[in-house]
Number of protein chains: 2
Amino acid sequence: MQTGPENRRYLHARIEAGFLHDFQELIRTKTVPQQWKAMNDEIPDAPPSHSIQNLRIAAGLAEGRHEGMVFQDSDVAKWLEAAGYLLAEKRPDDAQLRAWVNESIDILERAQQPDGYLDSYFIVKDPPGKWKNLREAHELYCAGHLIEAAVALHRGTGDTRILKVATRLADHLDSKFGREKGKIRGYCGHEEVELALVKLARLTGEARYLDLALYFIEERGTDPKFFELEAKAPGFAPIWGAGQPLEYFQAHIPVRQQREAVGHAVRAMYLYIAMADIASEKGDEDLAKACDRLWESATARKMYVTGGIGASATLESFASDFDLPNDTAYAETCASIGLFLFSSRMTRLNESTKYVDVMERILYNGLLSGIGLDGESYFYVNPLEVEPRRCDGNPSLQHVKYRRQKWYGCACCPPNIARTVASLGEHLYHLSGDCLFVDLYHEGVLEFELGGHKICMRQVTRYPWDGRVTLAFPEQTEMQFTIALRVPKWCSAFTVKINGRTEGAAKGADGYCRVTRLWSGGDRLELEMEMRPQRIYADRRIEADREKVALRRGPIVYCLEEVDNGPDLSSMRLPIDAQLDWRWEEDLLGGIGTICTKGSLERADIGADRDVRNGDPYPERIPPTETIMNELKFIPYYAWANRGPGEMRVWVRE
Amino acid sequence: MQTGPENRRYLHARIEAGFLHDFQELIRTKTVPQQWKAMNDEIPDAPPSHSIQNLRIAAGLAEGRHEGMVFQDSDVAKWLEAAGYLLAEKRPDDAQLRAWVNESIDILERAQQPDGYLDSYFIVKDPPGKWKNLREAHELYCAGHLIEAAVALHRGTGDTRILKVATRLADHLDSKFGREKGKIRGYCGHEEVELALVKLARLTGEARYLDLALYFIEERGTDPKFFELEAKAPGFAPIWGAGQPLEYFQAHIPVRQQREAVGHAVRAMYLYIAMADIASEKGDEDLAKACDRLWESATARKMYVTGGIGASATLESFASDFDLPNDTAYAETCASIGLFLFSSRMTRLNESTKYVDVMERILYNGLLSGIGLDGESYFYVNPLEVEPRRCDGNPSLQHVKYRRQKWYGCACCPPNIARTVASLGEHLYHLSGDCLFVDLYHEGVLEFELGGHKICMRQVTRYPWDGRVTLAFPEQTEMQFTIALRVPKWCSAFTVKINGRTEGAAKGADGYCRVTRLWSGGDRLELEMEMRPQRIYADRRIEADREKVALRRGPIVYCLEEVDNGPDLSSMRLPIDAQLDWRWEEDLLGGIGTICTKGSLERADIGADRDVRNGDPYPERIPPTETIMNELKFIPYYAWANRGPGEMRVWVRE
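Residues numbered from 1 in each chain as written. Chains lettered and ligands numbered in written order. Predicted model: local features only at pLDDT ≥ 70, side-chain atom pairs only at ≥ 80, totals over all residues. Heavy atoms only, no water.

Teacher, can you tell me more about the overall build of chain A here?
When helices and strands are counted, chain A shows 20 helices and 21 strands. Relative to a compact globule of 654 residues, whose C-alpha radius of gyration would be 26 Å, chain A shows 25 Å and is just as compact. Along the first, second and third principal axes, the C-alpha set of chain A runs to 75 × 70 × 50 Å. The buried share of chain A, reckoned over its 654 residues, is 64%. Contacts spanning at least 24 positions in sequence make up 72% of the contacts within chain A whose residues lie at least 6 apart. In the form shown here, chain A has an accessible surface area of approximately 22600 Å², with 48% of it arising from carbon and sulfur atoms. The averaged location of the 98 negative side-chain charges in chain A is 2 Å from the averaged location of its 82 positive side-chain charges. (Helix = DSSP H or I, 4+ residues; strand = E, 2+ residues; numbered from the N terminus. Rg over C-alpha atoms; globule rule 2.2 N^0.38 Å. Buried < 20%, exposed > 50% of the residue type's maximum accessible area, 1.4 Å probe, protein only. Contact = heavy atoms within 4.5 Å. Areas by Shrake-Rupley, 256 points an atom, 1.4 Å probe, with all protein chains shown as cover. Lys, Arg positive; Asp, Glu negative; His and termini not counted. Charge placed at Lys NZ, Arg CZ, Asp CG, Glu CD.)

Would you mind showing me how to read the pairing of strand S13 (residues 533–536) of chain B here?
Regular strands have side chains that alternate between both faces of the sheet. Residue and element names in this part refer to chain B. Neither face of S13 is open: one carries Pro533 and Arg535, the other Gln534 and Ile536, and all of them are buried. Here S13 pairs with strand S14 (residues 548–553) via 4 bridges, running antiparallel. Its bridge partner being in S14, Arg535 is matched across the sheet by Leu551. (Pairing = 2+ DSSP bridges.)

Is there a simple way to explain the nonpolar core in this structure?
The nonpolar side chains of soluble globular proteins are, as a tendency, buried together. Within the largest apolar cluster, 230 residues are counted, with the highest numbers of intra-cluster contacts made by Met269, Met275, Phe342, Phe481, Ile483 and Val650 of chain B. For this core, the element with the highest residue contribution is helix H13 (residues 265–282) of chain B, accounting for 13 residues. Ignoring sequence-local partners within four residues, the contact set of Ile483 of chain B consists of Leu436, Val438, Met457, Leu471, Phe473, Cys513, Arg514, Val515, Trp519 and Leu525 of chain B. Residues Tyr330, Phe342, Tyr402 and Leu424 of chain A belong to the second largest nonpolar core, which totals 229 residues. (Core = buried A, V, L, I, M, F, W, Y, C linked by side-chain atoms within 4.5 Å.)

I tried to follow the relation of the copies chain A and chain B on my own but got confused; where do I start?
Think of it as a corkscrew move, a rotation about one axis and a shift along it, taking one chain copy to the other. Under the fitted operation, chain A is carried onto chain B by 0.0 Å of movement along the axis and a turn of 180 degrees, and the coordinates agree to an RMSD of 0.0 Å. Viewed as a symmetry operation, the transformation between the two copies matches a two-fold axis. Across chain A, the rotation axis passes nearest the C-alpha of Ser396 of chain A, at a separation of 4.5 Å. Comparing contact sets, 100% of the residues at the interface of chain A also lie at the interface in chain B, consistent with an isologous, same-surface contact. (Least-squares fit on C-alpha atoms with pLDDT ≥ 70 in both.)

Would you mind going over the sheet that holds strand S9 (residues 494–498) of chain A with me for this structure?
For sheets, the rule is that strands pair by backbone hydrogen bonds, running either parallel or antiparallel. Residues and elements named next belong to chain A. Spatially, S1-S5-S6-S7-S12-S9-S10 is the arrangement adopted by the 7 strands of the open sheet, whose pairing is antiparallel. Because the sheet does not close on itself, it has two edges, and the strands there are strand S1 (11–17) and strand S10 (501–503). Adjacent strand axes in the sheet meet at a mean angle of 25 degrees when their direction is disregarded. The pairing of S9 with strand S12 (residues 524–529) spans 5 bridges and is antiparallel. Residue pairing for S12: Thr495 is matched across the bridge by Glu528. (Axes fitted to C-alpha atoms, helices over the stretch in contact; angles between N-to-C directions.)

Please explain the sheet that holds strand S3 (residues 429–432) of chain A as it appears in this structure.
All names here are of chain A. Strand order in the open sheet formed by 4 strands is S3-S4-S8-S11, and the pairing between neighbours is mixed. The sheet is open, and its two borders are formed by S3 and strand S11 (512–520), each paired with just one other strand. Direction aside, neighbouring strands of the sheet carry axes that sit 25 degrees apart on average. Pairing analysis gives 9 bridges linking strand S8 (residues 478–486) to S11, with the strands arranged antiparallel. The residue bridging Ala484 from the neighbouring strand is Arg514, located in S11.

Sorry, what's going on with helix H14 (residues 285–300) of chain B here?
One turn of an α-helix holds 3.6 residues; hence residues three or four places apart share an orientation. Between its terminal C-alpha atoms H14 of chain B stretches 22 Å, which fits the 22 Å expected from 16 residues at 1.5 Å a residue. Elements that come into contact with the buried residues of H14 of chain B comprise H13, helix H15 (333–349) and helix H16 (353–367) of chain B. (Expected span 1.5 Å × (residues − 1).)

Explain the interface of chain A and chain B here, please?
Many analyses report the size of an interface as the accessible area lost when the parts associate. With 68 residues of chain A at the interface, the matching set in chain B holds 68 residues. Between chain A and chain B lies a buried interface of about 5200 Å² when both sides are counted; carbon and sulfur atoms form 42% of it. By the criterion of area lost to chain B, the three top residues of chain A are Arg540, Tyr618 and Glu620 of chain A, representing 17% of everything that side buries. Seen at the junction of chain A and chain B, the total is 12 salt bridges. Our count for the contact surface shared by chain A and chain B stands at 40 residue pairs in polar contact (both at pLDDT 80 or more). Where the side of chain A that touches chain B is concerned, the elements lending two or more residues are helix H14 (285–300), helix H17 (388–393), strand S13 (533–536), strand S18 (592–604) and helix H20 (606–613) of chain A. When its residues are assigned to classes, the side of chain A that touches chain B shows 24 nonpolar, 14 polar and 30 charged. (Buried area = accessible area lost by both parts, 1.4 Å probe. Salt bridge = Lys/Arg side-chain N within 4 Å of Asp/Glu carboxyl O. Polar contact = N/O pair within 3.5 Å; in protein donor to acceptor, adjacent residues only side chain to side chain. Nonpolar A, V, L, I, M, F, W, Y, C, P; charged D, E, K, R; others polar.)

What is the right way to read the environment of Ser320 of chain A from this model?
Within the fold, Ser320 of chain A resides in the loop between H14 and helix H15 (333–349). A C-alpha to C-alpha distance of 8.3 Å links Ser320 of chain A and Val262 of chain A, two positions 58 residues apart in sequence. Leave out the neighbours within four places in its chain, and Ser320 of chain A touches Lys302 of chain A together with Arg389, Arg390, Gly393 and Asn394 of chain B. Within the structure, Ser320 of chain A has its side chain in polar contact with the backbone oxygen of Arg389 of chain B (distance 3.4 Å).

What's the story with the packing of aromatic side chains in this structure? I'm lost.
Two numbers describe a pair of aromatic rings. These are the distance of the centres and the angle of the planes. This model, assessed by the stated rule, comprises 70 aromatic pairs over all chains. Judged by centre distance (5.0 Å) and plane angle (35 degrees), the rings of Trp36 of chain B and Trp79 of chain B are tilted. Taken together, the positions of Trp36 of chain B in helix H2 (residues 18–39) and Trp79 of chain B in helix H4 (residues 73–87) put the pair 43 residues apart, joining distant regions of the chain. Like Trp36 of chain B, the residue Trp79 of chain B is buried in the burial classification. Joined through ring pairs, the aromatic side chains of Phe19, Phe23, Tyr364, Tyr441, Tyr463, Trp465, Trp490, Trp584 and Tyr638 of chain A make up one cluster. A cation over a ring is seen here: Arg462 of chain A above Trp584 of chain A, with NZ or CZ 5.0 Å from the ring centre. A cation sits over an aromatic face here: Lys130 of chain B above Tyr117 of chain B, 4.4 Å from the ring centre. (Phe/Tyr/Trp six-rings, centres within 6.5 Å; stacked < 30°, edge-to-face > 60°. Lys NZ or Arg CZ within 6 Å of the ring centre and 35° of its normal.)

What's the story with unusual backbone geometry in this structure? I'm lost.
The bulk of non-glycine residues show a negative phi, and the bulk of peptide bonds are trans. Of note, the amide linkage connecting Asp223 of chain B to Pro224 of chain B takes the cis form, showing an omega dihedral of -10 degrees. In this structure, Pro464 of chain B follows Tyr463 of chain B across a cis peptide bond, with omega equal to 5 degrees. Position of Pro464 of chain B among the secondary structure elements: in the loop between strand S6 (453–461) and strand S7 (468–472). In this structure, Asp41 of chain A is a non-glycine residue whose phi angle is positive, near 60 degrees.

What am I meant to see in the pattern of salt bridges here?
Two side chains carrying opposite charge are able to pair once their charged atoms lie near each other. Following the criterion strictly, the structure yields 117 salt bridges over all chains and no others. Across the pair Glu148 of chain A and Lys199 of chain A runs a salt bridge whose closest N-O atoms are separated by 2.5 Å. Here Glu148 of chain A, found in helix H8 (residues 139–157), pairs with Lys199 of chain A, found in helix H10 (residues 193–204); they are 51 residues apart in sequence, far enough to count as distant. Between Glu547 of chain B and Arg653 of chain A there is a salt bridge, with the nearest N and O atoms lying 3.6 Å from each other.

Looking at this structure, how should I read the pairing of strand S8 (residues 478–486) of chain B?
Residues and elements named next belong to chain B. With 7 of 9 residues buried, S8 lies mostly within the body of the structure. The sheet contact formed by strand S4 (residues 435–438) and S8 spans 4 bridges and is parallel. Bridge pairing in S8 places Val438 opposite Leu485.

Hey, could you run me through the environment of Gly372 of chain B in this one?
Residues and elements named next belong to chain B. Mapped onto the elements of the fold, Gly372 is located in the loop between H16 and strand S2 (385–386). Classification of Gly372 as buried rests on a relative accessible area of 0%. What Gly372 contacts, discounting residues up to four positions off in sequence, is Leu26, Ser377, Arg404 and Asn642.

Just checking my understanding: could you explain the packing of helix H10 (residues 193–204) of chain B against helix H11 (residues 207–219) of chain B for this structure?
All names here are of chain B. Between H10 and H11, the least distance of the axes is 8 Å, while the angle of their chain directions is 160 degrees. Taken together, the axes of H10 and H11 lie roughly antiparallel to each other. The chirality of how H10 crosses H11 is left-handed. Contact residues: H10 offers Val193, Glu194, Leu197, Val198, Leu200, Ala201 and Thr204, while H11 offers Tyr209, Leu210, Leu212, Ala213, Phe216 and Ile217. Partitioned by chemical class, the residues of the contact of H10 with H11 number 11 nonpolar, 1 polar and 1 charged. (Parallel < 35°, antiparallel > 145°, perpendicular 65-115°, else oblique. Left-handed = near helix turned anticlockwise from the far one by under 90°.)

Looking at this structure, how should I read helix H3 (residues 51–58) of chain A?
Residue and element names in this part refer to chain A. Burial analysis of H3 places 6 of its 8 residues in the buried class, which makes it a mostly covered element. Those residues of H3 that fall on the buried side of the exposure criterion are Ser51, Ile52, Asn54, Leu55, Ile57 and Ala58. Positive backbone phi, at 80 degrees, marks Gly60, one or two positions downstream of H3.

Such coordinate-based values are descriptive only and should not be taken to indicate function.
Rendered as structure tokens:
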């Protein structure tokens, strides 16, 4: 287990080229500027955000009413957090972003109340309602995002003003919440502040913040149930008033007793992240075990092949084990991001590549599917199967969109994608003892400290399109340590070479292949993972995928789109022996690998069909069909819906 | 086309024994008394109805607030309508029911306002709101149900008090609605009053009521859209405030232009019934054609094999063509009832057995599935596939119940079942010219008038369990006319005998087999329909049913239940050549026919499975399974969920 001090060791990765770099640059050059516009209500034909304006009103810089969701402030905070990661790289063209950030910090400083309180909804719209409806009001959630932003900005830019805002806010929370007399013995309806307080504690070394996070975690779900008491207290005013069950908030039983990932999927993930952080900080084995059980529940029984979680649109919630329909899927982008971040924590808590396999599954599939290749359009919901005709005609599918949207009334996902992609450098490697774990492959450099020495390393790869990875050390290196290379689960054959010579390297029980050596300047460690198109199948308890197959190459899951394959994808069949040909298409969708194969289309024989049915949709003979062989082209799932509306499907009949 | 006068010809059928009689007796002896209790809030552990109490408050007989839905009055009206049909039979033990009816009429008489207005919600809760929110307030809908009740009660018992209430109410509506100056140029958000006014016009001969119905029909969906104007008018107060599209109310375009069954399924059906009634009354071919198009849309492309319609739980609405998922199905009982009643009208408008085939499909499947065999528990939603584990864990399946419920906060379905089953006598036969159409088979007697003569006929059959039907005439008969026997679509072989001698009778293009003869006392007309278990298949555009089969015998659709077959029904497979054995089980579920066959269960080979997966729910090899042969027992779908909770499934893998 990686405990407190391990979390504070120096490690800085920089993505310099390739797939992840392209996405980070997209975020930096397109998404972040577009989101600033969105938050300032400057995007035509998109729902207004009101989020900057709300804060300006709270700051006394503008007049008007609070508009939008109760948690609208958090969009600004997530955007600022993204800016913090981006500004850390100190690029020459940072001035505009820095100016927007400073403008935001000005507003936040002014909006903060003398006692440290900061939430535009209650400052502007309902001052007496402060802290009276923790179940719905998201005040602690918004505080958490602001704290996360402050930590990222301070680390990225050295800014102390935003850190001051965050510590004043955290001190205010510390004065308001806890078991002591006069404090509110409650916790937030949407977890987030807990993990943020851990971050702030790590940055500032202030133990009170960690204790407050621990209090929130431990108090959750205890008897008597806080949300039930709160709803009966004087001054309680419902905001939405829907009677979600306590499971929705993961507040049904104490967190250490929770064994199943339930309720609102994003809430669940943010809770589990904080649990893992605290388990790590405190060396708390019991809490770590609870985390592992919950991780297993979420990933082995409730996760789509794309890394999507939270199958139910109603309550944006987990469904029961193996209930993973493809067409009605919710699979919110934020929930996948939450699972990515939770898995990243778990990797550091219990060394095992299984966590990184999930991170990778999410990153290259269900996370990036949430943003268009233009960097300015989004999916909140990530289905695995779409028929526009059905979506248009069925109100129960109204959550499933087949056109990416510019913004949302509830815009949690877009800035969440921005901050997560911007922060990828934090999730590529980790250190434990004298071992460097290489988790996610990328083109770029790493600096880290080991035994008091600063070490630099360069990684060269075309991953995820190519399975070859080279790690190289500059001239001055001279240090003995272990490099643990992750061998992904999808990879069944790999070789390791040192300076061109093949080593008899084996994968450990934890999935890492360890190489210990006195690394010297000019050393080259090469990992070559066989990467070929693969058929994958679902656990047979997932009924929606039965008798179907999906295609994968490396970490990337593929899908069929109507634009390449024509309509009626549900009638296409991939023969069990069809050859799968992967090829690079430089001019398609910004450069992608596609998988081409031969399939068949079962089409209703309309003439014969009419004859059999004679007006009865339920005839006594199997309606006749004709089978037509055709070419099938699969594209990466993350790249779907970038060429106009049409059908899409991941799981295909075999 | 059967026009106005045809609708007023004397025809009275009485169900005296057998399947339908048992259900009518269940309704009479269990359901109707239980519903009286429910409406009086006397059922423990069930949501209170408040419906009688609301009316008592409106009548000045009690004090308090209006509680429950805005359309709560309609439950009482539907119950009274059921009572009207039952009391028509003048049974010796009618006294209690008659007393309840009289008590209700007393309350309604007193609750009615001096101007004829009668709606407890607005009388008690919001007098200034009267007629100001037609889109949501259901005032005309409630008025319609009251008028239907009055017509049934007056016809059944001769009561004039309730008829007076209804005509005063209808006169009030006539004074308030229409194109004339000073009147509201609107229509109801939930169709119902239109068809009720036609009934009242037929009973009273008052043309104004028919004209008002015609006005409501013709006005609907015209420009400018009434619901949009209304929402901007002074005094408009939203009740729910959800922004349903105009399609939800079938108010998007004028009704004659409507080609697709869209929106709220019950609303749609009640509209189409009135359209068919008016087409019939007025001999309006154009309107009749619109009805036929809409009937075709609803039944050929949007209907479950059980006769359920309205696939979408969200907005209780139709989905697009062939989008008929079995697990998330809504298929509200009321919607099936609406389609039953609409089809009954269509049978009379355009002679064709196809309409009666749908009536029968609904009656023996998706309608009776809405009531438990105890007569005191109900289903609002009628799925074709249920896994309790999934329902419990998935909030998007919260509408799917696997335990029948005693009552509902929105209790539209229970009294709708009661009135429909009680009124079955009205749907068994129809007359056109000198032809008697025998539509639905039953054990009992028919009296009708032809050429000025009253004719009596007895029908003997064990239908739907047996395909033999005998029609016999008493001594004094001596009349030449045609009998048109419906040959159901499910029946591929039949014989007709007259007085024991086989006739070379053929089915006409309309599906009826006609026998013209001078019928004399003692004549026996026998129809023998071959009835055997059949495999049926779905139109292949219905993706949820692809590669699956359902079983049917006669009009009855069958299903598997966990109690007979064990769990994991989704893994059961019915081999294409498995023999289907039907047998009568006197002691099962009150006496039912079952279909037994051999099937296979594909079970995960757990050991091998774990080996392959190694913690990954998406392995590269098809997870191994073992196949176990077992006995399968199918029971009639309508009888499911009468033996405790468990899985159920209509469509089985073949």
